[in-house]
Amino acid sequence: MIKSAENRSGAFYTGEYRNVFEEFGYSQEKIKDKIEDTWNKLFYGDEDTKIYYPVGEKEGYILDTGNVDVRSEGMSYGMMICVQMNKKQEFDRLWTWAKRYMQHDSGEYKSYFAWSLNTDGTRKAQGPAPDGEEFFAMALFFASNRFGDGPVPYDYSVQAREILKECVHKGEDGIGNSMWDSKNRLIKFVPEVSFSDPSYHLPHFYELFALWADSNDRQFWIDAASASREYLKISCHPITGLAPEYAHYDGTPYIGEGHELFYSDSYRVAGNIALDYEWFRGDPWEIGEADKIQTFFTHNKFKNDYRQYTIDGIGLEKKSLHPEGLVATNAMASLATSGDNARSCVDEFWKLPLRTGVRRYYDNCLYIFSLLALSGNYKIYK
């Protein structure tokens, strides 16, 4: 849905990215120092903080410290962090490890990435999780545009196009399943099912895939961007703005094992809609949606006591497994909002240290994404 000339106000068109921290009075020097300190701690800090582990001379992985495995989510997140930070060496180490151990080279999952591996590269699961593939592809395109393509497997744009081609067309020959529903253009939770995860929906990525993936799939990605924006409208609660972890294609929560609730996966929705608004001004609805989420978390009785919620806002007994991640994404929503709630969320996030200990991985990935976004450093490289 690349917009007409008279409606080009997002960062994709202007090249201008909001520095929300600076708008709220934080100095550029302190912002820069906080970003560098966060990078250094996550990639080269102590054993209670870091999530990145180099292997040999050319490889490395991001560790899910809570589950003690290496996930396609984390590896693709790590690559996105690296390309945004202009860290080519670490980017290539992560990509080399992922390419060698995670990516299938044949069969029903060809070009997909096994979603969970042991740290020695052996697979704990064979199947993929589509949020990994979309982040791998986007990070590779940005790497191509920022670092330049090199020899295989560092021909980043070629690798990205191959991933996306399989995501869209797999199953047309009767082998395997695509990652997007061919009829409604919605991303699946996993290829074998017919429901989705609202936090997987990244219309701002699909806008760029429409430009850089195979040309014959351009319309698919344009349609996917539009479909995802509409899907988020029906899967997020109209009053609280909260989304379930999983939802059917009609937007109703997928009931089972608590996934109908607002919990860990759901946190990413606020950041995703805010980044879509920052990059493309995807839909005016995103302003109101971001404000609903921030209003809920700045005014509910569980403030600073984060937990599991029904999507209509009832707090449950189970505490949040990743409260720092929730604070980070609530702050990131400020890319689409302004006012007292936005300021409150940003100030709370600014004062928040990185999480340490066993469960730090997911929180701190969301933390650095929010830090980059709110400082104007989560950018499109084209």
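Residues numbered from 1 in each chain as written. Predicted model: local features only at pLDDT ≥ 70, side-chain atom pairs only at ≥ 80, totals over all residues. Heavy atoms only, no water.

A few words now on the overall build of the chain. The helix and strand tally for the chain stands at 14 helices and six strands. Relative to a compact globule of 382 residues, whose C-alpha radius of gyration would be 21 Å, the chain shows 19 Å and is just as compact. Judged by the C-alpha coordinates and their principal axes, the chain covers about 50 × 45 × 45 Å. Within the chain, counting contacts between residues at least 6 apart in sequence, those at least 24 apart form 66% of the total. Accessible area for the chain stands at about 14,600 Å²; split by element, carbon and sulfur atoms hold 48% of it. Charged side chains in the chain number 43 positive and 57 negative. The centres of these two groups are separated by 3 Å. (Helix = DSSP H or I, 4+ residues; strand = E, 2+ residues; numbered from the N terminus. Rg over C-alpha atoms; globule rule 2.2 N^0.38 Å. Contact = heavy atoms within 4.5 Å. Areas by Shrake-Rupley, 256 points an atom, 1.4 Å probe, with all protein chains shown as cover. Lys, Arg positive; Asp, Glu negative; His and termini not counted. Charge placed at Lys NZ, Arg CZ, Asp CG, Glu CD.)

Judged by nonpolar contacts, the single largest core of 127 residues is most densely connected at Phe91, Trp221 and Tyr378. Looking at this core, the element that brings in the most residues is helix H14 (residues 360–374), giving eleven residues. Dropping the residues within four chain positions of it, Trp221 is found in contact with Leu164, Val168, Trp180, Tyr206, Phe209, Ala210 and Ala213. (Core = buried A, V, L, I, M, F, W, Y, C linked by side-chain atoms within 4.5 Å. Buried < 20%, exposed > 50% of the residue type's maximum accessible area, 1.4 Å probe, protein only.)

Let us now look at unusual backbone geometry. At the junction of Val152 and Pro153, the peptide bond is cis and its omega measures out at 5° in the coordinates. With respect to the helices and strands, Pro153 occurs in the loop between helix H6 (130–147) and helix H7 (156–169). The backbone of Asn86 shows a phi angle near 65°, a positive value even though the residue is not glycine. With respect to the helices, strands and loops of the structure, Asn86 is situated in the loop between helix H4 (72–84) and helix H5 (88–102). Residue class for Asn86 comes out partly exposed when judged on its relative accessible area of 43%. Of note, Arg281 is a non-glycine position whose phi angle comes to about 50°, a positive value. Positionally, Arg281 belongs in the loop between helix H10 (268–280) and helix H11 (285–299). Relative accessible area serves as the criterion here: at 21%, Arg281 is assigned to the partly exposed category.

What follows deals with the side chain of Glu286. Within the element layout of this structure, Glu286 appears in helix H11. Buried and without a salt bridge, Glu286 has Arg229 as its closest oppositely charged side chain, separated by 4.4 Å. Residues contacting Glu286, with those up to four places away along its chain left out, are Arg229, Ile273, Asp276, Tyr277, Arg281 and Ala336. (Salt bridge = Lys/Arg side-chain N within 4 Å of Asp/Glu carboxyl O.)

Keep in mind that low pLDDT regions are not for reading the predicted coordinates in detail. Mean pLDDT over the chain works out to 96, with 98% of the residues at or above the 70 mark. Taken element by element, the chain is modelled with least confidence in strand S6 (residues 315–319), mean pLDDT 95, and with most confidence in H4, mean pLDDT 99. (pLDDT = per-residue confidence, 0-100.)

Turning our attention to the side chain of Glu133. Here Glu133 is to be found in helix H6. Put simply, Glu133 is tucked away with no salt bridge, and the nearest opposite charge, on Lys170, sits 9.2 Å away. In contact with Glu133, other than residues within four places in its own chain, are Tyr112, Phe113, Pro128, Ile163, Cys167 and Met179.

So, about the pattern of salt bridges. Across all of its chains, the model carries 22 salt bridges by this definition. In this structure, the salt-bridge partner of Glu162 is Lys165, at a minimum N-O distance of 3.4 Å. Residue Glu162 and its partner Lys165 are located together in helix H7, separated by three residues, close to a single helical turn. Ionic pairing is found between Arg268 and Asp265, a salt bridge with its closest N-O pair at 3.5 Å. Residue Arg268 shares its accessibility class with Asp265, and that shared class is buried. Three or more residues are tied together by salt bridges with common partners; here these are Glu73, Asp131, Asp265 and Arg268.

Examined bridge by bridge, strand S5 (residues 307–309) and S6 share two bridges and lie antiparallel to one another. Considered in S6, the bridge of Arg307 is made with Lys319. If you look at the hairpin formed by S5 and S6, you'll find five residues sitting between the two strands, and Gly313 has a positive phi there, around 100°. (Pairing = 2+ DSSP bridges.)

What follows is about the packing of aromatic side chains. Enumeration according to the criterion identifies 52 aromatic pairs in this entry. Their ring planes at 20° and their centres at 5.6 Å tell us that Tyr53 and Tyr61 sit as a pair that is stacked. Residues Tyr53 and Tyr61 agree in their burial class; the two are buried. Measuring from ring centre to ring centre gives 5.7 Å for Phe141 and Trp212, while their planes differ by 55°; the resulting arrangement is tilted. With a gap of 71 residues between them, Phe141 in helix H6 and Trp212 in helix H8 (residues 203–212) connect regions that are remote in the sequence. For the pair Phe141 and Trp212, a shared accessibility class is recorded, and that class is buried. Over the ring of Trp350 we find Lys34, and its NZ or CZ is 4.8 Å from the ring centre. Across from the ring centre of Tyr112, 4.8 Å away, lies the NZ or CZ of Lys170, which sits over that ring. (Phe/Tyr/Trp six-rings, centres within 6.5 Å; stacked < 30°, edge-to-face > 60°. Lys NZ or Arg CZ within 6 Å of the ring centre and 35° of its normal.)

On to the state of the cysteines. This model, assessed by the stated rule, comprises zero disulfides. The structure places no disulfide on Cys345, whose sulfur is separated from the nearest cysteine sulfur, that of Cys236, by 16 Å. Relative accessible area serves as the criterion here: at 4%, Cys345 is assigned to the buried category. (Disulfide = S-S within 2.5 Å.)

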